[in-house]
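Observations on the model geometry
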2 protein chains.
Amino acid sequence: PKAMCSGKLQTGLLVAGYFIYLLVGAAVFQALERTAEKQEKMAAAQMKEAFLQNFTHLTVAEMEQFMKVRASPNGVYPVGNESQIEESNWDFSNSFFFAGTVVSTIGYGTLRPKTAGGQIFCVFFALFGIPLNIVFLHRVGTSSRAHLLKIKFLTLLFFLATGILVFLCLPSLFFQKTEGWSYSEGIYFAFITLSTIGFGDYVVGKQPDRNYFSYYRTLVAIWILFGLAWIALLFNLLTTVLEDTEKIIVKDIHQIGKV
Amino acid sequence: PKAMCSGKLQTGLLVAGYFIYLLVGAAVFQALERTAEKQEKMAAAQMKEAFLQNFTHLTVAEMEQFMKVRASPNGVYPVGNESQIEESNWDFSNSFFFAGTVVSTIGYGTLRPKTAGGQIFCVFFALFGIPLNIVFLHRVGTSSRAHLLKIKFLTLLFFLATGILVFLCLPSLFFQKTEGWSYSEGIYFAFITLSTIGFGDYVVGKQPDRNYFSYYRTLVAIWILFGLAWIALLFNLLTTVLEDTEKIIVKDIHQIGKV
Ligand SMILES: [K+]
Ligand SMILES: [K+]
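No experiment lies behind these values; they were computed from the predicted model shown. (Residues numbered from 1 in each chain as written. Chains lettered and ligands numbered in written order. Predicted model: local features only at pLDDT ≥ 70, side-chain atom pairs only at ≥ 80, totals over all residues. Heavy atoms only, no water.)

Moving on to the overall build of chain A. A tally of helices and strands in chain A yields eight helices and zero strands. Burial status across chain A gives 45% buried among its 259 residues. Of the roughly 13600 Å² of accessible surface on chain A, 67% is carried by carbon and sulfur atoms. (Helix = DSSP H or I, 4+ residues; strand = E, 2+ residues; numbered from the N terminus. Buried < 20%, exposed > 50% of the residue type's maximum accessible area, 1.4 Å probe, protein only. Areas by Shrake-Rupley, 256 points an atom, 1.4 Å probe, with all protein chains shown as cover.)

What follows is the structure in structure tokens.
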């Protein structure tokens, strides 16, 4: 019973440490980036106004519409009315999401630090955050290659099929509804995210013309957390299969050499 | 001597397999994406022409200059003369680079598949490419945690300091010269790349107004390859340190409970 209690304490400590690390990181990123972002936005707004005054033969609405389509995804060109300058990309929810993309190494890049301070902090935050995330995922998935190898073949097949269904196929159906993507786009987004490639071409909850339900992002975060643990197992398994295949090929070549 | 020969054969097989995998992948991505890219570029050029005809009170040069600043990084809005429509983002060199960012899970996202075919192929290419890359990096770095733990503390410190110098500090100096970044931007880029976060805000060899020497990208690729192996060791080490620290804290809490 003492060992069990010890294990629970250890897990509790880890979960608390992990979330505190993310929360503190999010707060620091926000503090470092918000001022610079505001200055940048105000400069962009001034530039825009000057541009619109020079080209008064265009109506503001026409130019606005055109720029909305062509606006850079850096979010520098302000596409709304002036009140939107006050809205920050680095609100706490986004900051926390950003901290999560750093420690998981997904790194979508839709939000990224632009100040020297933010960039240097990002390096140190990732340096300790990535190993912390690995330890956390180990605990979530009890990821151990030795453990995996003891499992029977049928159990393994079941694990694979269930994982593909739960972490790729069902989320893809879900994203079809919530994001309006095609089914293959949903599979692509799910795999690119869980494999931590994270191109940033598809990101959830980012379309301004869509209404997302309130705990949408939380649900996605839970999916990512368990999905990362699952895919780590999958990649571990495939790595073992590749290494074994290589050994067999080398053995066969030697056998052929003998004959 | 037979074991040594077997080891060499195994490594040779792995290196050949790894590069053939990347080369074939690059060719498939190119085949799948090039046609769609050209169609997209032509549509964008037509849109641009129509826009410029409607707003004839603006000189073409003025609008061109403005759009060059505001052009979206998707590369959809054509910023040069018409001959540049012929130039593809999916030339073989870029395609190979893209395949590398997929298997390493860096995923800058500056180039990404847009067709359904390209996206689905990307999923399967990553599914086997990521484990292959892990096996390859294992071989490059002889990465083994058990091995690492046997090394003496001083050797470890030396390994850390040398790695930081060789993989972060010196490359940053180098990027200052070749890319015109600040020193901290260079460190940020180096770490974000080697940790495989890969935001895509800084990417080498992408500034059109800079002259890069001919084997620049090859040199960068070698740096990334060995850097990834080094940082895997670093993260392994930090993961172990974190897990040990956790155990010590739990032990201390139990000790306090007893007193
Ligand atoms: K990534
Ligand atoms: K990325």
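Only Ile-106 of chain A (O), Gly-107 of chain A (O), Ile-197 of chain A (O), Gly-198 of chain A (O), Ile-106 of chain B (O), Gly-107 of chain B (O), Ile-197 of chain B (O) and Gly-198 of chain B (O) from the protein coordinate the potassium ion (ligand 2), and they sit 2.8 to 3.0 Å from it. A separation of 3.1 Å is found between the potassium ion (ligand 2) and the potassium ion (ligand 1), both of which receive a donor from Ile-106 of chain A. Remark: Ile-106 of chain B occurs in the loop between α3 (92-103) and α4 (116-141) and Ile-197 of chain A occurs in the loop between α7 (183-194) and α8 (216-258); the pair is interchain, linking two chains. As far as the burial class goes, Ile-197 of chain A and Ile-106 of chain B line up, both buried. (Donors = N, O, S within 2.8 Å, 3.2 Å for Na, K, Ca; no water.)

All names here are of chain B. For helix α6 (residues 153-179), which comprises 27 residues, the first-to-last C-alpha distance of 37 Å matches the rise-based estimate of 39 Å (1.5 Å per residue) to within 8%. The sharpest bend along α6 reaches about 35° and sits at Leu-165. Those residues of α6 that sit buried are Leu-156, Gly-163, Phe-167, Leu-168, Pro-171, Ser-172, Phe-175, Thr-178 and Glu-179. Two residues or fewer past α6, Gly-180 is found with a positive phi of approximately 75°. (Expected span 1.5 Å × (residues − 1). Bend = angle between axes of the 7 residues up to and from the residue.)

Inspection of the entire model under this criterion finds two cavities of 30 Å³ or more. Taken as a whole, the largest cavity holds about 60 Å³ of empty space. In terms of lining residues, the largest cavity is bounded by Asn-94, Phe-97, Phe-98, Thr-101, Tyr-108, Gly-109, Thr-110, Leu-111 and Lys-206 of chain B. Taken together, the residues of the lining of the largest cavity break down into four nonpolar, four polar and one charged. Of the volumes computed, that of the second largest cavity is approximately 50 Å³. In terms of lining, the second largest cavity is formed by Asn-94, Phe-97, Phe-98, Thr-101, Tyr-108, Gly-109, Thr-110 and Leu-111 of chain A together with Phe-199 of chain B. Looking at the lining of the second largest cavity residue by residue, the classes come out as five nonpolar, four polar and no charged. (1 Å grid on protein atoms, 1.4 Å probe; cavity = no way out; pocket = protein on both sides within 12 Å on 5 of 7 lines; lining within 4 Å. Points joined across faces, edges and corners; volume = space filled by probe spheres on them. Nonpolar A, V, L, I, M, F, W, Y, C, P; charged D, E, K, R; others polar.)

This paragraph deals with unusual backbone geometry. At Thr-196 of chain A, a residue that is not glycine, the phi angle is positive and equals roughly 60°. Along the chain, the position of Thr-196 of chain A falls in the loop between α7 and α8. A relative accessible area of 13% places Thr-196 of chain A in the buried class. Even without being a glycine, Thr-105 of chain B presents a positive backbone phi close to 60°. Tracing the backbone shows Thr-105 of chain B in the loop between α3 and α4. Using a relative accessible area of 8% as the deciding quantity, one classes Thr-105 of chain B as buried.

For the rest of this paragraph, the subject is the pattern of salt bridges. Pairing of side chains with opposite charge becomes possible as their charged atoms draw close. All names here are of chain A. Counted according to the given criterion, the structure contains two salt bridges over all chains. Among the salt bridges present, the one from Glu-40 reaches Lys-114, with a minimum N-O distance of 3.6 Å. Taken together, the residues Glu-40 in helix α1 (residues 2-54) and Lys-114 in the loop between α3 (92-103) and α4 (116-141) connect sequence positions 74 residues apart. On the basis of relative accessibility, which here comes to 39%, the residue Lys-114 falls in the partly exposed class. (Salt bridge = Lys/Arg side-chain N within 4 Å of Asp/Glu carboxyl O.)

It is worth spelling out the side chain of Asn-94 of chain B at this point. Inspection of the secondary structure assignment puts Asn-94 of chain B in helix α3. According to the relative accessible area criterion, Asn-94 of chain B is buried, its value standing at 12%.

Here we take up the confidence of the model for chain A. Residue and element names in this part refer to chain A. When pLDDT is averaged along chain A, the result is 81, and 78% of the positions lie at 70 or above. Mean pLDDT values for the elements of chain A range from 52 in helix α5 (residues 145-150) up to 93 in α7. For residues 71-83, every residue scores under 50 in pLDDT, and the model assigns this stretch 24 contacts once sequence neighbours within four places are set aside. (pLDDT = per-residue confidence, 0-100. Contact = heavy atoms within 4.5 Å.)

This part takes up the packing of aromatic side chains. By the definition in use, this model includes 53 aromatic pairs over all chains. The interplanar angle of 55° and the centroid separation of 5.7 Å between the aromatic rings of Phe-174 of chain A and Phe-175 of chain A together place this pair among those described as tilted. On the basis of relative accessibility, which here comes to 28%, the residue Phe-174 of chain A falls in the partly exposed class. Overall, Phe-175 of chain A belongs to the buried group, its relative accessible area being 1%. Taking the centre distance of 3.9 Å and the plane angle of 5° together, the rings of Tyr-18 of chain B and Phe-136 of chain B count as stacked. With Tyr-18 of chain B in helix α1 (residues 2-54) and Phe-136 of chain B in helix α4, this residue pair connects regions lying 118 residues apart in the sequence. (Phe/Tyr/Trp six-rings, centres within 6.5 Å; stacked < 30°, edge-to-face > 60°.)

This part covers the packing of helix α6 (residues 153-179) of chain A against α7 of chain A. Packed helices, taken two at a time, are described by the angle their axes make and the gap between the axes. Residues and elements named next belong to chain A. Where α6 meets α7, the closest approach of the two axes is 8 Å, and the angle between their N-to-C directions is 125°. By the angle between their axes, α6 is oblique relative to α7. You can see that α6 and α7 cross each other, and the crossing is right-handed. Residues Phe-167, Leu-168, Cys-169, Ser-172, Leu-173, Phe-175 and Gln-176 of α6 form the contact with α7, whose own contacting residues are Tyr-183, Gly-186, Ile-187, Phe-189, Ala-190, Phe-191 and Leu-194. For the contact of α6 with α7, a count of residues per class yields eleven nonpolar, three polar and no charged. (Axes fitted to C-alpha atoms, helices over the stretch in contact; angles between N-to-C directions. Parallel < 35°, antiparallel > 145°, perpendicular 65-115°, else oblique. Left-handed = near helix turned anticlockwise from the far one by under 90°.)

To continue, consider the packing of α6 of chain B against helix α8 (residues 216-258) of chain B. Residue and element names in this part refer to chain B. At their nearest, the axes of α6 and α8 sit 11 Å apart, and the two run at 150° to each other. Our classification of the angle between α6 and α8 gives roughly antiparallel. When you trace α6 past α8, the crossing you get is left-handed. Contact residues: α6 offers Leu-156, Phe-159, Leu-160, Gly-163, Ile-164, Phe-167, Leu-168, Pro-171, Phe-174, Phe-175, Thr-178 and Glu-179, while α8 offers Tyr-216, Leu-219, Val-220, Trp-223, Phe-226, Gly-227, Trp-230, Leu-233, Leu-234 and Leu-237.

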